[in-house]
Amino acid sequence: MKVDSIIVGQGLAGSCLALALAHRGKTFMVFDEPAKNHTTAVAPGLFNPIIGKGLTKTWMAETTFPFAEKFYQGIERQLGCRFYHPMPIYRPFISVEEQNEWMALSEGRLKSFIEKTYTSPAFGNFVNDPLGGILVKKSGYVNTVTLMSSVVGWLKKNGQYRESHVDFDRLKIESGNVLYEDVEAKDIIFCDGVRVKKNPFFSWVYINCLKGETLTIQLTNPLNVIFNRGVYLVPTANPLVCLVGATYKPNDATENFTPEGEQELREKLDALIKIPYTVEDRHWGIRPAVPDRRPVLGHHPLYKNVFLLNGMGTKGVTLAPYFATSLAARLDQAGEIPDEVNIKRFKSLYSKFGFSSNV
Ligand SMILES: Cc1cc2nc3c(=O)[nH]c(=O)nc-3n(C[C@H](O)[C@H](O)[C@H](O)COP(=O)(O)OP(=O)(O)OC[C@H]3O[C@@H](n4cnc5c(N)ncnc54)[C@H](O)[C@@H]3O)c2cc1C
């Protein structure tokens, strides 16, 4: 079977790339091992244009957020499903100083992302907010499980999906040609998340494991706003079930949920909410994180038809649509990869590993 591309991995990156390539009329085969997905499958899918501690705007929020909205709403129409949920985020103040700081920011550099500033309790029945809080707009969540299952259904219907492991020993790369099983393609794109660390083509790229744990909790009242202070509380398809997350443990690739993770989440949750809850489930996942917090796109230094789309870090929901679309344009010879996210920035690492580089 002849296709334009082979895509390895169907998390957020691979799903968005498949959709972007299809939009350009390209053909492809996706290989994935969904049972081994512990990143996209566990992500609560929050998108927040303001980053917590530094009170700064999320990188490229003005561009990637509206792009993601249009992209996801297009998929919802195309596939007849619903997973994109715009919703405000409420962040209670913890001190008068913080209240003052936010009052200034809401009139200043963060004005376009702030719906309202409250100086007295606004959601006092739900959370501890004696000093009020900030209501952020242009935020919400993507139900990543629904997104992935809708995409896989679409791929299967079109005969573009194989649930199997891609074995590097059986992959044949030639100039202008890639062969795997009975599939012949012009190029191959690895969207393999943290498993890139075992990928012989790209293990030299500086992508670290950033472990995260979450809880699934049951509430007595549904949420119509996302709460965020220490932890975030994000709705799911069931209005009374929420995800609480997440922990951040750099350089941890252990594949388990831990009692310490649960304790940390429970303590932060207890400080945030007033209402009763029961813990129904626990999850762990590992984010593919890059020290400069930018995705990594581009081709291998020697094999010009072997590509990587990775490094989505903590913001896959908003980064994947935009950068998968950039890569699809590049694969279609219709665009260049921006320097900031280009794999070329790791060129020196490639040389360090003893390979000659002609990137
Ligand atoms: C606890 C937690 C909370 C998070 N919360 C958020 C959030 O609220 N908002 C947000 O934007 N982001 C969040 N993230 C980050 C987000 O989940 C990631 O940025 C994103 O999911 C990464 O997607 P990916 O497609 O690159 O990787 P993955 O989802 O890991 O997908 C890679 C896929 O490739 C497959 N694969 C790898 N190698 C092979 C092979 N050789 N053969 C076949 N298949 C292969 C894997 O099985 C997997 O299915 C969170 C992550 C975690 C862990």
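So, how was this worked out
- Residues numbered from 1 in each chain as written.
- Predicted model: local features only at pLDDT ≥ 70, side-chain atom pairs only at ≥ 80, totals over all residues.
- Heavy atoms only, no water.
- Core = buried A, V, L, I, M, F, W, Y, C linked by side-chain atoms within 4.5 Å.
- Buried < 20%, exposed > 50% of the residue type's maximum accessible area, 1.4 Å probe, protein only.
- Contact = heavy atoms within 4.5 Å.
- Near = heavy atom within 4 Å.
- Polar contact = N/O pair within 3.5 Å; in protein donor to acceptor, adjacent residues only side chain to side chain.
- Areas by Shrake-Rupley, 256 points an atom, 1.4 Å probe, with all protein chains shown as cover.
- Helix = DSSP H or I, 4+ residues; strand = E, 2+ residues; numbered from the N terminus.
- Nonpolar A, V, L, I, M, F, W, Y, C, P; charged D, E, K, R; others polar.
- Pairing = 2+ DSSP bridges.
- Axes fitted to C-alpha atoms, helices over the stretch in contact; angles between N-to-C directions.
- Domains from an automatic or database assignment.
- Parallel < 35°, antiparallel > 145°, perpendicular 65-115°, else oblique.

Novice: Looking at this structure, how should I read the nonpolar core?
Specialist: It is characteristic of soluble globular proteins that their nonpolar side chains tend to be buried jointly. Judged by nonpolar contacts, the single largest core of 63 residues is most densely connected at I7, L17, Y72, W102, I189, L309 and L327. The residues touching Y72, leaving out its near neighbours within four places in the chain, are L12, C16, F83, Y84, V142, L147, G316, V317 and P321. Residues V178, F202, I207 and F346 belong to the second largest nonpolar core, which totals 27 residues.

Novice: Would you mind going over the site of the ligand with me for this structure?
Specialist: Neighbouring residues of the ligand: 37 residues in total, closest D32, T40, L46, V166 and G313. At 2.9 Å, a backbone N or O of A13 approaches an oxygen atom of the ligand. Protein contacts shield 97% of the accessible area of the ligand, which totals 1000 Å² for the unbound molecule. Listing elements by their share of the shell around the ligand, those giving two or more residues are α1 (12-23), β2 (28-32), β16 (208-219), β21 (277-289) and α6 (316-331). Sorting elements by how many residues they give to the shell around the ligand places β21 first, with three residues. Along the lines of polarity and charge, the residues of the shell around the ligand split into 14 nonpolar, 16 polar and seven charged.

Novice: I'm lost on the sheet that holds strand β13 (residues 177-180) in this one. Help?
Specialist: Paired through backbone hydrogen bonds, the strands of a sheet run either parallel or antiparallel to each other. Taken in spatial order, the three strands line up as β12-β13-β14 in an open sheet, and their pairing is antiparallel. Looking at which strands have only one partner, the edges of the open sheet turn out to be β12 (172-174) and β14 (183-185). Sheet twist, expressed as the mean angle between neighbouring strand axes with direction ignored, is 15 degrees. Of the strand pairs in this sheet, β13 and β14 are connected by three bridges, and their pairing is antiparallel.

Novice: Would you explain the domain arrangement of the protein in this entry?
Specialist: Accessible area lost during the coming together of the parts is what is often quoted as the interface size. Looking at the assigned domains, one finds that the protein contains domain 1 (5-42 + 145-207 + 292-352), domain 2 (88-138) and domain 3 (208-289). Each of domain 1 and domain 2 has a C-alpha centre, and the two are 39 Å apart.

Novice: Help me understand the packing of helix α2 (residues 61-79) against α6 in this model?
Specialist: A pair of packed helices is characterised by two quantities: the angle between their axes and the separation of those axes. Their axes nearest at 8 Å, the elements α2 and α6 cross at an angle of 80 degrees. Judged on the interaxial angle alone, α6 and α2 are roughly perpendicular. Judged by residue contacts, T63, T64, F65, F67, A68, F71 and Y72 of α2 engage G316, V317, T318, L319, P321, Y322 and T325 from α6.

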